[in-house]
Amino acid sequence: MKIAVTGAQGLLGEECLRTLGAEHEMIPLPPHGDLDLVNFHATRDWFLAHKPDVIIHTAANRDPDSCELNPDLAWTSNTLVTWNVVNAARELDAVLVHASSDSVFPGDRDLPYHEFDEARDPINLYGRTKLASEKLVRQYIPKHFNLRMPLLFGRTGGMARNNLLKLYAAARAGKKTVAAGDAVSSACSVRDIARSLSVMLKTPFYGTYHFANSGSCSRASYLQSFLKIIGMDPDMVTVSTIDAINRPARRCRNIFLQSRLLEPVFGITLQSIDDALTETAADLKADGLI
Ligand SMILES: NC(=O)c1ccc[n+]([C@@H]2O[C@H](COP(=O)([O-])OP(=O)(O)OC[C@H]3O[C@@H](n4cnc5c(N)ncnc54)[C@H](OP(=O)(O)O)[C@@H]3O)[C@@H](O)[C@H]2O)c1
């Protein structure tokens, strides 16, 4: 299959290119500076010239704080861009994979959210833009995979977009990283997501799917686990609270994703967060990044 990837330089997009490239013809969209997907006609022209069978749409502004501070940018980068990509997929009759988020839920309960829970009441603007994007995908593209994902980590994206690489660089420089101990969530390795897609894209079982490595972590504990795994001092992470960090966008205290579908439909069981972090550390070492 010919698979185009938006956000190809990002954490998830670059991993999709690497993993799926073993089996498919991959076409990365140009970097943001060369093609702004906000531009309807430039986006349409690019897709019509390349005619992919599948579009993996990962490009977005995933920073809840900058979304909250700049609503126009948030709706443009996330929902208008998705509208443009949806229209290209519709015109080409391509399968569309949409990167969505646990932020479409309010995080108002201790139980995990599964695929049959209704996405509703996001607590920040980022979540509202992602929910609106999901609705476009569901409304206009019957052949879609809508992936709801929690905190993501992996080997890709480079220093600018990879929190583990940022943590490693700070710790090496003797600088502590502050993270909330009371923001507890699911987490998932982008490599697990890309491997799952290689199975899912061979099927016609379209729909919404949740992704999470087993277990849960706080923003602080996942960073500390990574430092322990690579033999560095976990105390280079200072544990704080959501209130003390006081970011512009509201954050959920507890938000967990569960999949009721991946195993029965595709036979996919995701590894634990610790195993996925261990694999990521090995990948980063193999790539010479840590
Ligand atoms: N990372 C997470 O923890 C997480 C969790 C749940 C869901 N998600 C979702 O998963 C998807 C991928 O996330 P990610 O972590 O891989 O993001 P990322 O590393 O920030 O990559 C996103 C990429 O999209 C590009 N981009 C943004 N706006 C664009 C535009 N208008 N035109 C062209 N390119 C544009 C960015 O380029 P520039 O950087 O140059 O702007 C960047 O290369 C996003 O949709 C995000 O909402 C992420």
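You'll find the structure just up there.
Residues numbered from 1 in each chain as written. Predicted model: local features only at pLDDT ≥ 70, side-chain atom pairs only at ≥ 80, totals over all residues. Heavy atoms only, no water.

Chemist: Break down the sheet that holds strand β1 (residues 2-6) for me, citing the residues and quoting the values.
Modeler: Strand order in this open sheet of six strands is β2-β1-β3-β4-β5-β10, and the pairing throughout is parallel. The open sheet has two edge strands with one neighbour each: β2 (25-28) and β10 (207-210). In this sheet, neighbouring strand axes are inclined to one another by 20° on average, regardless of whether the strands run parallel or antiparallel. Against the sheet, helix α1 (residues 11-20) engages β1, β2, β3 (54-57), β4 (95-101) and β5 (144-149), with an angle of about 160° to β2. (Pairing = 2+ DSSP bridges. Helix = DSSP H or I, 4+ residues; strand = E, 2+ residues; numbered from the N terminus. Axes fitted to C-alpha atoms, helices over the stretch in contact; angles between N-to-C directions. Contact = heavy atoms within 4.5 Å.)

Chemist: Requested: an account of the site of the ligand, with residues and values cited.
Modeler: Around the ligand, 25 residues are found, and the nearest of them are Leu12, His32, Asp36, Tyr126 and Lys130. In this structure, an oxygen atom belonging to the ligand sits 2.6 Å away from a side-chain N or O atom of Tyr126. Contacts to the ligand include Leu152, whose backbone N or O atom sits 3.0 Å from an oxygen atom. Of all elements in the fold, only α1, β4, α5 (125-140) and β6 (151-153) reach the threshold of two or more residues within the shell around the ligand. With three residues, the top contributor of residues to the shell around the ligand is β4. In terms of residue class, the shell around the ligand is made up of 14 nonpolar, seven polar and four charged. (Near = heavy atom within 4 Å. Polar contact = N/O pair within 3.5 Å; in protein donor to acceptor, adjacent residues only side chain to side chain. Nonpolar A, V, L, I, M, F, W, Y, C, P; charged D, E, K, R; others polar.)

Chemist: Describe the pattern of salt bridges, with residues and values.
Modeler: Here the structure, examined in full by the defined rule, presents 18 salt bridges. Across the pair Arg247 and Asp65 runs a salt bridge, and its minimum N-O distance is 3.8 Å. Of this pair, Arg247 sits in the loop between α10 (242-245) and β13 (254-255) while Asp65 sits in helix α3 (residues 64-69), placing them 182 residues apart in sequence. Here Asp65 falls in the buried class, since its relative accessible area comes to 11%. For Asp121, the salt bridge is made with Arg120, and the minimal N-O distance between the two is 3.2 Å. Arg120 gets classed as partly exposed once you look at its relative accessible area, which sits at 27%. Where salt bridges share partners, they join Arg191, Asp192, Arg195, Glu279 and Asp283 into one cluster. (Salt bridge = Lys/Arg side-chain N within 4 Å of Asp/Glu carboxyl O. Buried < 20%, exposed > 50% of the residue type's maximum accessible area, 1.4 Å probe, protein only.)

Chemist: Please set out the packing of helix α4 (residues 71-92) against α5 residue by residue, giving values where relevant.
Modeler: Their axes nearest at 9 Å, the elements α4 and α5 cross at an angle of 15°. Considering their axes alone, α4 and α5 lie roughly parallel with respect to each other. Handedness of the α4/α5 crossing: right-handed. Across the interface between the two elements, Pro71, Ala74, Trp75, Asn78, Thr79, Thr82, Trp83, Val86 and Arg90 from α4 touch Leu125, Tyr126, Arg128, Thr129, Lys130, Ala132, Ser133, Leu136, Val137 and Tyr140 from α5. Looking at the contact of α4 with α5 residue by residue, the classes come out as eleven nonpolar, five polar and three charged. (Parallel < 35°, antiparallel > 145°, perpendicular 65-115°, else oblique. Left-handed = near helix turned anticlockwise from the far one by under 90°.)

Chemist: Residues and numbers for the packing of aromatic side chains, please.
Modeler: Applying the stated rule across the entire model yields eight aromatic pairs. Taken together, Phe145, Phe205, Tyr206, Tyr209 and Phe266 form an aromatic cluster joined through their ring pairs. (Phe/Tyr/Trp six-rings, centres within 6.5 Å; stacked < 30°, edge-to-face > 60°.)

Chemist: Please provide a residue-by-residue account of α4, values included.
Modeler: An α-helical segment advances 3.6 residues per turn. Residues three or four places apart therefore align on the same side. For α4, which comprises 22 residues, the first-to-last C-alpha distance of 31 Å matches the rise-based estimate of 32 Å (1.5 Å per residue) to within 8%. Residues of α4 that are buried include every one of Ala74, Ser77, Asn78, Thr79, Val81, Thr82, Asn84, Val85, Val86, Asn87, Ala88 and Ala89, and no others. The secondary structure elements touched by the buried residues of α4 are β1, α2 (40-50), β3, α3, β4 and α5. Downstream of α4 by a residue or two, Asp93 has a phi angle that is positive, lying close to 55°. (Expected span 1.5 Å × (residues − 1).)

Chemist: Run through the environment of Asp93, naming residues and quoting values.
Modeler: Relative to the elements of secondary structure, Asp93 occurs in the loop between α4 and β4. On the accessibility criterion, Asp93 (54% relative accessible area) is exposed. Along the primary structure Asp93 and Arg250 are separated by 157 residues, whereas in three dimensions their C-alpha atoms are 38 Å apart.

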